[in-house]
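Fold and geometry: a report
Given next are the chains, with one letter for each unit.
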Amino acid sequence: MRAEPTCRDTTRETPQPPAAGPAGDVVGYVVKMYPRFSETFVVREIAAREAQGERVAVASLRPPTDPRFHALLAGVRAPVTWIGENAGRSSAALWSSLRRARELPGFASTLEELLADDVDVAAQAVGVALWARDAGVGHLHAHFASLPGRTTRLAARLLGVGYTVTAHAKDIYVDGPDDAARQRVLADAARVVTVSDYNLRHLAAHHPRARAVRVHNGLDLDELEFRAPVGRERVVAAVGRFVEKKGFDDLVDAIALLRAAGDPVRLVLAGTGRTGAQLRARAAALGDAVEFTGPLPQHDVVALLRRAAVFAAPCVVAGDGDRDGLPTVLLEAMALGTPVVSTPVTGIPEAVLDGITGTLVPERDPVALAAALRRVLDDPDLARAHARAARTRVERFFDVRTQAARLREVTREVLTGAPTGTGVR
């Protein structure tokens, strides 16, 4: 057990396999960056799969750039290898990679496609393939259908193995110059795992060749003890990156409406991002009614959620189509016993049943948001009822142990050639 991962640069060192076990029984995770402060769901998922007996190794396409690490990492045994960000920044580097890849079983059939792709993607795909071979990886799994999925697809072809990919939100909703590559990733994956039924319907409509299954992101509920929302401060909490899709500008406006009406409510906003300056300017007139904490480690997020009377996730569909899949921190608030107010964006209504496990309001409607926050703040019985029902729903549908078991089943289906699953509720 260790608090921080050990990352190796494969441009300088030959990766070593995980602890001894049957050859090819390792699940190889490919991610853009590991660990990443905002992606606790990846860490939890790996830890849960290991707890159920699977062996996992991680390939990170970029070195971690944030010195802050969650304590959750101490529960992960998987070795982490940095594939080398600069491995493919030149044609010479690519040719060097290709010379090392000639022994891979799919080299001849994949060479033309490698040469047609971006130099850095092709070189990293070779790096992932060589890492997977040496680490005893029998199945590759990418998180996000963007760069990790694109790289994993080529690496799997080089190795002659199958791959799966988890599609979240931006990687399937935002169009861009790599759309054709994304189509190939989704169409060629043995399974496309996605985190909500809403995403499942979107994939069926827009990527009909994708063999998609729904597996919700899960929480370690042993870490998140339920406490009824009794005697809490009149505080609204919100946590997330400061980007348009989070809807935090609407939340600040809703707090302004409540304060103008004489309500002493306070807002605590945890996070950072490109819209931070605009949010601070918007909140300036409210004085100490809005507190910006900066990004918080997991234990401080839990502490914030425990003291807040309400958690707000006023998500919106951004102008470029980006949107949240189903925010993990929303589920954490529900598990902990903090009443939630959110919007019916993508998969959120699968967790927040309006009037039962929380409150939903239309997106981009600060007036409705303010009214919903006030109802929960002013009605302790409503808050307690929502909190209890929310915990029950999270226990039933969002337990990481259930998620890990389903992912293991998906991997087994791919390795054994079983018929495609359809996702489970």
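Parameters at a glance
- Residues numbered from 1 in each chain as written.
- Predicted model: local features only at pLDDT ≥ 70, side-chain atom pairs only at ≥ 80, totals over all residues.
- Heavy atoms only, no water.
- Helix = DSSP H or I, 4+ residues; strand = E, 2+ residues; numbered from the N terminus.
- Buried < 20%, exposed > 50% of the residue type's maximum accessible area, 1.4 Å probe, protein only.
- Areas by Shrake-Rupley, 256 points an atom, 1.4 Å probe, with all protein chains shown as cover.
- Salt bridge = Lys/Arg side-chain N within 4 Å of Asp/Glu carboxyl O.
- Expected span 1.5 Å × (residues − 1).
- Contact = heavy atoms within 4.5 Å.
- Axes fitted to C-alpha atoms, helices over the stretch in contact; angles between N-to-C directions.
- Left-handed = near helix turned anticlockwise from the far one by under 90°.
- Nonpolar A, V, L, I, M, F, W, Y, C, P; charged D, E, K, R; others polar.

Regarding its fold elements, the protein presents 15 helices and 14 strands. Evaluated residue by residue, the protein yields a buried proportion of 59% over its 425 residues. With the model as given, the accessible surface of the protein reaches about 17000 Å², and the carbon-plus-sulfur share is 52%.

The next thing to look at is the environment of Asp197. Here Asp197 shows up in helix α8 (residues 197-206). With 16 residues separating them along the chain, Asp197 and Val213 place their C-alpha atoms 8.9 Å apart.

Okay, the pattern of salt bridges next. Where charged atoms from two side chains of opposite charge approach closely, those side chains can pair. What the rule picks out here adds up to 29 salt bridges. Where Arg44 meets Glu332, a salt bridge forms, and the shortest distance between an N and an O atom there is 2.7 Å. In this pair, Arg44 sits in helix α1 (residues 40-51) while Glu332 sits in helix α12 (residues 328-336), placing the two residues 288 residues apart along the sequence. For the pair shown, Arg44 and Glu332 are each scored as buried. Salt-bridge contacts for Glu413 lead to Arg406; the nearest nitrogen and oxygen are separated by 3.4 Å.

The next point concerns helix α9 (residues 248-260). Over its 13 residues, α9 extends 18 Å from the first C-alpha to the last, a length consistent with the 18 Å expected when each residue adds 1.5 Å. All of the buried residues in α9 are Phe248, Asp250, Leu251, Val252, Ala254, Ile255 and Leu258. Where the residues of α9 are buried, they touch β9 (235-239), β10 (266-270), α10 (276-283), β12 (310-313) and α13 (366-378). Downstream of α9 by a residue or two, Gly262 has a phi angle that is positive, lying close to 90°.

Next up on the list: the packing of α9 against α13. Two elements in contact, α9 and α13, have axes whose closest approach is 8 Å; the angle formed by their N-to-C orientations is 65°. Once α9 is placed against α13, the crossing between them reads as right-handed. The segment α9 lies against α13, with Asp250, Leu251, Asp253, Ala254, Ile255, Leu257 and Leu258 engaging Pro366, Val367, Leu369, Ala370, Leu373 and Arg374. Its residues placed into classes, the contact of α9 with α13 shows ten nonpolar, no polar and three charged.

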